[in-house]
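Residue-level structure breakdown
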Amino acid sequence: KAGVTQTPRYLIKTRGQQVTLSCSPISGHRSVSWYQQTPGQGLQFLFEYFSETQRNKGNFPGRFSGRQFSNSRSEMNVSTLELGDSALYLCASSLTGEEVTEAFFGQGTRLTVV
Amino acid sequence: GQSLEQPSEVTAVEGAIVQINCTYQTSGFYGLSWYQQHDGGAPTFLSYNALDGLEETGRFSSFLSRSDSYGYLLLQELQMKDSASYFCAVSFHGGATNKLIFGTGTLLAVQP
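Residues numbered from 1 in each chain as written. Chains lettered and ligands numbered in written order. Predicted model: local features only at pLDDT ≥ 70, side-chain atom pairs only at ≥ 80, totals over all residues. Heavy atoms only, no water.

A closer look at the overall build of chain A
When you go through chain A residue by residue, the secondary structure sums to zero helices and 11 strands. Seen in sequence order, chain A has helices and strands lined up from the N terminus as β-β-β-β-β-β-β-β-β-β-β. For chain A, the C-alpha radius of gyration of 13 Å lies close to 13 Å, the compact-globule estimate for 114 residues. Structurally, chain A occupies a C-alpha span of about 35 × 25 × 25 Å along its principal axes. (Helix = DSSP H or I, 4+ residues; strand = E, 2+ residues; numbered from the N terminus. Rg over C-alpha atoms; globule rule 2.2 N^0.38 Å.)

So, in structure tokens, the structure goes:
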């Protein structure tokens, strides 16, 4: 079966701009989570969506937002980009429910803010 | 708060056994899992411990002790391709929640 697909793979943006990243989960998976990975902070949880509803949000400013569509595809948006937003953004999908026994990650979107 | 600590780097030789520890200060989680990530690629799932004890999957084994707030990943018969970063993660519960909190990560270097 097809894995988790994230687009685009690479992005370069300038400070102040906004960006939208996309994630298509594995077919049948209804939960999509987003993570930010930086060398200094590791993998940080951004938010999680299930059936078009945000169930969890990490400690990130309101500039970070997301949504999920009826087909479970998800997008995240970062507005007013800052240099510190440069990171690998990873999306993970899992089947459903509350216990994440196994999450499937996409290849990520490498965002560089200049 | 929730935190999971791992050694930042571990070095071992091909064919050897290495243990990567994960100590945590959190509670109320479903289980402890381990992920492997090669050089900025996608993290891939290795194992999951819902209960205390040892889980074995081929060359990899994982252990959890909730009473000691401790877990580890054991890699046997190390191969060069095992050089990667390894992350422990806890799966949280509480209401309608589904999230993983990751450890600080361990960079494993396997030498010939």
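Regarding the pairing of strand β6 (residues 53-57) of chain A
Taken residue by residue, a regular strand's side chains alternate between the two faces of the sheet. Residue and element names in this part refer to chain A. Bridging between strand β5 (residues 42-50) and β6 involves four bridges; their strand directions are antiparallel. By the bridge assignment for β6, E48 is matched with N56. Linking β5 back to β6 in an antiparallel pair, the connection comprises two residues, with S51 at a positive phi of about 50°. (Pairing = 2+ DSSP bridges.)

Some words on the interface of chain A and chain B
On the chain B side, the residues contacting the 24 residues of chain A number 21 residues. Surface buried jointly by chain A and chain B totals about 2,000 Å² across both partners, of which 52% is contributed by carbon and sulfur atoms. One can count zero salt bridges joining chain A with chain B. Linking chain A with chain B are three residue pairs in polar contact (both at pLDDT 80 or more). Elements that contribute at least two residues to the side of chain A that touches chain B include exactly β4 (31-38), β5, β6 and β9 (87-94) of chain A. By residue number, the principal contributor to the side of chain A that touches chain B is β4(A), which donates four residues. Tallied by class, residues from the side of chain A that touches chain B come to eight nonpolar, 10 polar and six charged. (Contact = heavy atoms within 4.5 Å. Buried area = accessible area lost by both parts, 1.4 Å probe. Salt bridge = Lys/Arg side-chain N within 4 Å of Asp/Glu carboxyl O. Polar contact = N/O pair within 3.5 Å; in protein donor to acceptor, adjacent residues only side chain to side chain. Nonpolar A, V, L, I, M, F, W, Y, C, P; charged D, E, K, R; others polar.)

Quick notes on the sheet that holds strand β1 (residues 5-7) of chain A
Residue and element names in this part refer to chain A. One open sheet accounts for four strands, arranged β1-β3-β8-β7; its pairing is antiparallel. Both outer strands of the open sheet, β1 and β7 (64-68), are each paired with one neighbouring strand and no more. Ignoring strand direction, the axes of neighbouring strands in this sheet form an average angle of 15°. As paired elements, β7 and strand β8 (residues 74-78) share five bridges and run antiparallel to each other. Along β8, the bridge assignment pairs R67 with E75. (Axes fitted to C-alpha atoms, helices over the stretch in contact; angles between N-to-C directions.)

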